[in-house]
Every structure is written in structure tokens, then in C-alpha cells.
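Close look at the chain arrangement
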Amino acid sequence: MRKLCPTDREDALDTVLEVPIPEEMYSGPVAGMRNWLKSQMFDKASEADSCAAHNPAASGPSRTIAARNAELHLLLKLGAPLIPSPVPHDRAFSRSIRDSIIQASTAKYIIHQYIAATGGQAALLSVESMYAVGKIHMSASEFHAGMEDEGMRPKGNNEYGAFVLWQKNPEVWYFDFIMAGCKLTHGSDGQVAWKQSSIERSHVTPGPPRPLRRSLQGLDPRATANLFSDAMCVGEKDINGDMCFILKLDTSPATLRARCTSSVNMIHHTIWGYFSQRTGLLIQLSDSHLLSMKSSRVCRGGNVENSIFWETSMESIIEDYRYINGINIAHAGHTTGTMLRYGEGSVNHKLRMIEEWVIDEADFNLWGLTSEYFIPPSDIRTNEEDA
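A quick note: this is a predicted structure, and the numbers were derived from the prediction, not measured.

**Some details on the overall build of the protein chain**
- Along its length, the protein chain carries 8 helices and 16 strands.
- Counting the 387 residues in the protein chain, one finds 49% classified as buried.
- Residue pairs at least 24 apart in sequence account for 61% of intrachain contacts in the protein chain once pairs closer than 6 positions are excluded.

**Here we look at the pattern of salt bridges**
- Under the counting rule described, the total for this entry stands at 4 salt bridges.
- The closest approach of N and O atoms between D287 and R213, which form a salt bridge, is 2.8 Å. Separated by 74 residues along the polypeptide, D287 in strand β13 (residues 282–299) and R213 in the loop between β9 (200–205) and α6 (221–227) bring together distant segments of the chain.
- Residue classification places R213 among the buried positions, given a relative accessible area of 1%.
- Its salt-bridge partner being R322, residue D320 comes within 2.9 Å of it at the nearest N-O pair.
- Residue classification places D320 among the partly exposed positions, given a relative accessible area of 36%.

**As for the environment of I83**
- Among the secondary structure elements, I83 is positioned in the loop between α3 (61–79) and α4 (102–117).
- When its relative accessible area of 0% is taken as the criterion, I83 is described as buried.
- Sequence separation between I83 and R210 is 127 residues; the distance between their C-alpha atoms is 6.2 Å.

**Some remarks on the environment of I267**
- Relative to the elements of secondary structure, I267 occurs in strand β12 (residues 264–276).
- On a C-alpha basis, the gap between I267 and P253 in space is 8.8 Å, while along the polypeptide they are 14 residues apart.
- Those residues in contact with I267 that sit more than four places away from it in its chain are L256, L290, L291, S292 and F309.

**Brief notes about the nonpolar core**
- Formed by 69 residues in total, the largest nonpolar core has its most connected members in I111, F175, F177, L227, F228, L247 and F275.
- Apart from the residues within four sequence positions on either side, F175 is in contact with G79, A80, F163, V164, L165, L184, T185, H186, L212 and R214.
- L17, V19, I21 and V164 belong to the second-largest nonpolar core, a separate cluster that totals 13 residues.

**A closer look at a nonpolar patch on the surface**
- On the surface, I101, M232 and V234 cluster together into a nonpolar patch covering about 250 Å² of accessible area.
- Of note, M232 is situated in strand β10 (residues 232–239).

**Points about the pairing of strand β6 (residues 172–179)**
- Counting buried positions over the 8 residues of β6 gives 7, a clear majority of the element.
- Two elements, β6 and strand β7 (residues 182–189), share 8 bridges in a ladder whose sense is antiparallel. When the sheet's bridge partners are listed, F175 is paired in β7 with H186.
- Hairpin connection of β6 to β7: 2 residues between the antiparallel strands, including A180 at a positive phi of 55°.

Cut-off values and rules
Residues numbered from 1 in each chain as written. Predicted model: local features only at pLDDT ≥ 70, side-chain atom pairs only at ≥ 80, totals over all residues. Heavy atoms only, no water. Helix = DSSP H or I, 4+ residues; strand = E, 2+ residues; numbered from the N terminus. Buried < 20%, exposed > 50% of the residue type's maximum accessible area, 1.4 Å probe, protein only. Contact = heavy atoms within 4.5 Å. Salt bridge = Lys/Arg side-chain N within 4 Å of Asp/Glu carboxyl O. Core = buried A, V, L, I, M, F, W, Y, C linked by side-chain atoms within 4.5 Å. Patch = residues over 30% accessible without salt bridge, like charges linked within 9 Å, V, L, I, M, F, W, Y side chains within 5 Å. Areas by Shrake-Rupley, 256 points an atom, 1.4 Å probe, with all protein chains shown as cover. Pairing = 2+ DSSP bridges.

Scope: geometric values only; no functional claims are made or implied.
If you want it as C-alpha cells, here you go:
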């Protein structure tokens, strides 16, 4: 991971990168930061947007870049999703395993074992902030027409990226993600979650503030325990030779309604945690959500409004647990994501994404990390005030 980048002047100091860059992102010698940016999609995407705006009928390289832009947009989205529900405040540490139905009591007992396996109640409750630096390797299949698996072949475009996660608590966090020269910034100040990127303008994420899914992939045991404090134990499953308990959590109807907009309707969002019976650790995290979007098409009788459905499923295998300051967190893993689009008046499409990640650095209880670090961008604050 490179943390410094040489500048154009020989007598100048190196540029400190906000997000360290994996060695794989450099295709050759780099004379300076600007040269590296020009070789990536960051500048090319802007050129493509400008060309498309002035010439909607553009073809050739501009259309190729536009298609590439759309692919990167999806990969960025799949690389930084949110967990379906807000995390209760330390409910897992205070609730008794008694006075509940058997499925809920069993789930609470499993969570108590998980708390012990990740460092114990005292260690987890001592965490006030954290950060993590990691690198990512992503690849995606072609958008495939039809629902069958034939033809789902990797495109051969392997993308390398890196991220930095800063977090005060599950609802207050800041996430920088760079891939193929595109940058995604995602954050939450505890009141509103927002997102902006080099290929998408800033916007607010609907619904109540929620944790970033990446922090619950083995990085934040305290939030993971609280998230599954209301889960049900629904069975067992063997994962790579490790027998695991399955905990299931459905998003409440009220939370789903809060995430709906005038054109998007959240139908369901469910998350499953697979906890090892041998070690007590979280081995796999899976979630699935379904939403419908209104679309209109022109027919002879006028505009016809249809619903297009998007179903996204993600499955993460979590590995390489190591202790940092008495807390046992995962340092590696891989995720498989599938996105389906179907509905009347829509061409069925399927996209599959594979991601591998490695945590390069992590630490807890950072001095000087105040709430000012998590303030939303100025354009989002302005829009909120106008509203």
C-alpha cells in the first residue's frame, strides 16, 4: 500500500494520499499524482459526461466510457452498502436470555458467546472510536439478459481499490473508497447518511442512519452483537467444515417505510449471521433486499407506468481473526454479490460481483476524532436547510 505519491517537482515533498493506494493500481512508473489520475477513469468519466451532454448521439469511445462509467457506478454501490436496520444501543450487553421464546433465547445465548470470543464485554464497551485501512480486489460479470446462469462469464476486468473507514459509533462514520480512479465518499453524522462520488452528485440516503455493512464484516464486534440482539435462531449450517448457528433478522415495516421515496418502494431487507459453534465467531454475513422502482413508457394510448424490481443479495465469508488491543477482529474475507432486475416492461438482467478484501491497518480509541470530522458536505447541508 502506497501512502505517498511523488510530485512533478524533484525538490518538492511527496503528496500524502488520503486513501493509501494498492500497488496493483499502478500500471507502471508514476511521475506524479496528476499523471496517475489522468491514466485512470476519474478524468475520463468527466470527459465522457461532458461529451454525452453536448452530443446525446455520441458513439465510439464516448459510449464505451459511458458504459464503463455505469459499471463502475454499480461496483461502487456494491462496495459500500448499508445494513438494513439501525443498531440498538448496547442492548446485547444488558438483555437476559430468559423470558423469550426459544428461538430468541437461543440467539441471545449465541451472541453472549460471540461477545466472549471477540474480547469480552469490558473490552467491547471500552471502544469509543475506530479506524481501518484496507485494500479490495473486485471483478464483475457481464450484465446478462435472462435469469438463467448460462452466459454469466467474468468480463476479465479486475479492479483494485482501497478504503479508509473512520467511526465514532455505528451511526457516526466516514468512509472513503477509491477504485479505478473513481472515488466514493459515504458518511453519517448520526442524523443523516449521505453519499457522493466522482461519477455521481451528492445525495442523502433515505431512512434512519444505519451502519456501513463493511464495519460489520468482522471489524466492529460491538455493533454486530447489538444488531443481532433481536434476531432469531433459525437453524444450523456447515460453512467450509465449520458448523454454524444461523441468526436471522428482518427489517421492521416502520424502517422499510422510512427508506421509501416517491419512486422507490422497499419491500423487504433481511440479514443472516452465521456464528461458529466451535469458536463463537461470525463466519459468514448474508443479506438480501428487494425494492421496486416506478418507470413509465410511452405507448399509443399514452404513458404506461410499470414497476421494475431490483433484488440484491450479498454473501460475505469472514476470515483471519486477529487481536488488536484485546479485541478480536477479522482481517480478510470475500463477498459474492448478485443483482437481479426484472418486471413488466423491463428486460431481465443479472449481474454478479466478486470482492476480496484485506485489512492493512486497524486501531481503536483514536485521540482527537471529534464529531466535526463527520459533518456532511456543504451542498447536502444547504439542501436540507432549503427543504
